[in-house]
Amino acid sequence: MTDLWERAQRVLPGGVNSPVRSFKGVGGTPFFSVSGQGAYLEDTAGRQYIDYVMSYGPLILGHAYPEVVAAAHTQIARGLSYGTPTPLEVAMAERLTQAVPGLEMVRMVNSGTEATMSALRVARAVTGRHRVVKFTGCYHGHHDSLLIRAGSGAATLGVPDSAGVPMGLAELTLTAPYNDREALTQLFARYGREIAAVIMEPVAGNMGTVPPLPGFLAFVREVTEQHGALLVFDEVMTGFRTAWGGVGALAGIQPDLITLAKVIGAGMPVGAYGGRLAHMQHVAPLGPVYQAGTLSGNPVAMAAGLAQLDAIRVPGFYERLGEWTHTLAQGLVERARRHGISASAHAVGGMFTVFFRDVPPRNFDEVASSDVDRYRRYFHGMLQAGIFMPPSPFESAFPSAAHGPAEMEATLRAADAVFRAM
Ligand SMILES: *Cc1c(COP(=O)(O)O)cnc(C)c1O
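In this text the structure is predicted, and so the values were computed from the model without any measurement. (Residues numbered from 1 in each chain as written. Predicted model: local features only at pLDDT ≥ 70, side-chain atom pairs only at ≥ 80, totals over all residues. Heavy atoms only, no water.)

Draft legend 1. Structural context of the domain arrangement of the protein. The domains assigned to the protein are domain 1 (2–64 + 316–421) and domain 2 (66–312). Taking only C-alpha atoms into account, the centre of domain 1 sits 25 Å from that of domain 2. With 28 residues of domain 1 at the contact, the number on the domain 2 side is 31 residues. Both faces combined, the contact of domain 1 with domain 2 buries some 2,400 Å², and carbon together with sulfur accounts for 65% of it. For the pair domain 1 and domain 2, the number of links is zero salt bridges. (Domains from an automatic or database assignment. Contact = heavy atoms within 4.5 Å. Buried area = accessible area lost by both parts, 1.4 Å probe. Salt bridge = Lys/Arg side-chain N within 4 Å of Asp/Glu carboxyl O.)

Structural data, given as structure tokens:
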């Protein structure tokens, strides 16, 4: 394994193909996985881990769910890609448009990043405006317009979060703190006629799980409508993980555009963006917004995704997953407090985060003020005990339907020992 890590670091930046996998946020050396079954991951040394990362969200049924694997196998034997329309992508688009309120037409892409990038292009084309608003701590993928952090102050022009993003482009992205009505009101007062869209995670998952305060989504919907800006719900993480159809369906709020990925692809590279017919008719070949993809709507990905969506569309699925997740999160908080450690949690559907602070956070600043060093020790203690929590205090944890009573008990038992030692 050490040898593999050295080899990896010689040929991959930081040894990885996506930064969080390097364990840089928690220190230490990542393990290399060779297999996954249900709630468990197995590494190159044959060690098993109860997995709460679940490929960062897609695997809501657990690893290698039989129907999903079978559907992919069947399609693979018929060919991996055709470059023509396929029945599978039509079925996927029908499934998504039926499930997600406001999603009347949808375009399949290959990642969440591609989905949000394209959705903003549509929003700018539809409105003829150039600025967009995002909330600090929300992540929408790594393209230039959205790799933006807040400047100083509550409601500000964005500054690049990455080298290589031009300042001129970053400035077009305005930022406000999550759950902050006043900051959003100020941005619209100042730049209202230039704002093409507000993009948001309707339940934030990329600063840890942080739900909107009561009425906040309705407020954003109202303000965007008043100013003629589009509302984009980035449901790449939350879509089909919090509820069938996502947070929009759950909250009864209809955005103008929606982005999806992760669960709808079941672990294959998939994304999607769509919304009202009037907006999606701007997309090529119907309209002037160009967007394309050699492998978009890939039949193996569609087959796997459809199989997963079929399997989770059963009565009680989200109630069970949500209850399991909530019970675990509360159990972890309770174990921490039992040993004198300040902790709180948010849990929504099949995602949760334990924060090492007394009161659950409402925005990124509050998340960042939690005890990050404690998270590191918790992460490594749990890993030692065979439990793989997200390797960063700012990532949500993802239980799956494969996590049952045995995994609950093992996780809480390990946590109790880890917190006692801390
Ligand atoms: C994961 C994620 C993305 C990026 O998706 P990729 O497939 O990694 O490009 C975008 N938005 C949200 C909310 C996400 O959680």
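The rest of the description comes next.
Draft legend 2. A look at the site of the ligand. Surrounding the ligand, one finds S111, G112, T113, Y139, H140, G141, E201, N206, D234, V236, M237 and K262. In this structure, a nitrogen atom belonging to the ligand sits 3.3 Å away from a main-chain N or O atom of Y139. K262 is positioned such that a nitrogen or oxygen atom in its side chain is 2.6 Å from an oxygen atom of the ligand. Burial of the ligand by the surrounding chains reaches 83%, relative to a free accessible area of 380 Å². Residues of the shell around the ligand, tallied by class, amount to three nonpolar, six polar and three charged. (Near = heavy atom within 4 Å. Polar contact = N/O pair within 3.5 Å; in protein donor to acceptor, adjacent residues only side chain to side chain. Areas by Shrake-Rupley, 256 points an atom, 1.4 Å probe, with all protein chains shown as cover. Nonpolar A, V, L, I, M, F, W, Y, C, P; charged D, E, K, R; others polar.)

Draft legend 3. Region of the structure containing the sheet that holds strand β15 (residues 387–388). The strand order across the open sheet formed by four strands is β1-β2-β3-β15, and the pairing between neighbours is mixed. Where the open sheet ends on each side, the last strands, each with one partner, are β1 (33–37) and β15. Judged from the two bridges that link them, strand β3 (residues 48–51) and β15 form a sheet pairing that is parallel. By the bridge assignment, D51 is partnered in β15 with F388. (Pairing = 2+ DSSP bridges. Helix = DSSP H or I, 4+ residues; strand = E, 2+ residues; numbered from the N terminus.)

Draft legend 4. View of the packing of aromatic side chains. Counted by the stated rule, this structure contains 20 aromatic pairs. Geometrically, the ring pair formed by F135 and Y178 is edge-to-face, given 5.8 Å between the ring centres and 90° between the ring planes. Of this pair, F135 sits in strand β5 (residues 131–136) while Y178 sits in the loop between β8 (173–177) and α6 (181–191), placing them 43 residues apart in sequence. A single burial state applies to F135 and to Y178, both of which are buried. An aromatic cluster is built from F23, F31, Y49, F379 and F388, whose rings are joined through pairwise contacts. (Phe/Tyr/Trp six-rings, centres within 6.5 Å; stacked < 30°, edge-to-face > 60°. Buried < 20%, exposed > 50% of the residue type's maximum accessible area, 1.4 Å probe, protein only.)

Draft legend 5. Layout of unusual backbone geometry. Note the cis peptide between A284 and P285, where omega equals 10°. You can see P285 is positioned in the loop between α9 (277–280) and α10 (299–312).

Draft legend 6. Region of the structure containing the environment of I387. With respect to the helices and strands, the residue I387 is situated in strand β15. Taking the C-alpha atoms as reference points, I387 and I50, separated by 337 residues in sequence, lie 4.7 Å from one another. If we ignore the near neighbours within four places in the chain, the residues touching I387 are Y49, I50, Y52, M382, A410, T411 and A414.

Draft legend 7. Up close: the pairing of β8. Along β8, four of the five residues are buried, which leaves the element largely enclosed by surrounding structure. With five bridges connecting them, β5 and β8 associate as parallel partners. Bridge assignment links K134 to a residue of β8, and that residue is T175.

Draft legend 8. Broad picture of helix α3 (residues 87–99). With 13 residues, α3 ought to run about 18 Å at 1.5 Å a step, and its terminal C-alpha atoms sit 19 Å apart, in line with that. Here α3 has its buried residues at M92, R95, L96 and A99. The buried residues of α3 occupy an angular sector of 95° when projected down its axis, which confines them to one face. Residues P87 and Q98 are exposed on α3 and point more than 90 degrees away from its buried face. Each element contacted by the buried residues of α3 is listed here: β4 (105–109), β11 (257–261), β12 (271–275) and α10. (Expected span 1.5 Å × (residues − 1). Arc of directions from axis to C-beta.)

Draft legend 9. Region of the structure containing the packing of α3 against α10. Across the interface, α3 lies against α10 with an axial gap of 9 Å and an inter-helix angle of 40°. In this structure, α3 crosses over α10, and the sense of that crossing is left-handed. Only P299, M302, A303, G305, L306, L309 and D310 of α10 make contact with α3, whose side of the interface consists of L88, E89, A91, M92, R95 and L96. Its residues assigned to classes, the contact of α3 with α10 shows nine nonpolar, one polar and three charged. (Axes fitted to C-alpha atoms, helices over the stretch in contact; angles between N-to-C directions. Left-handed = near helix turned anticlockwise from the far one by under 90°.)

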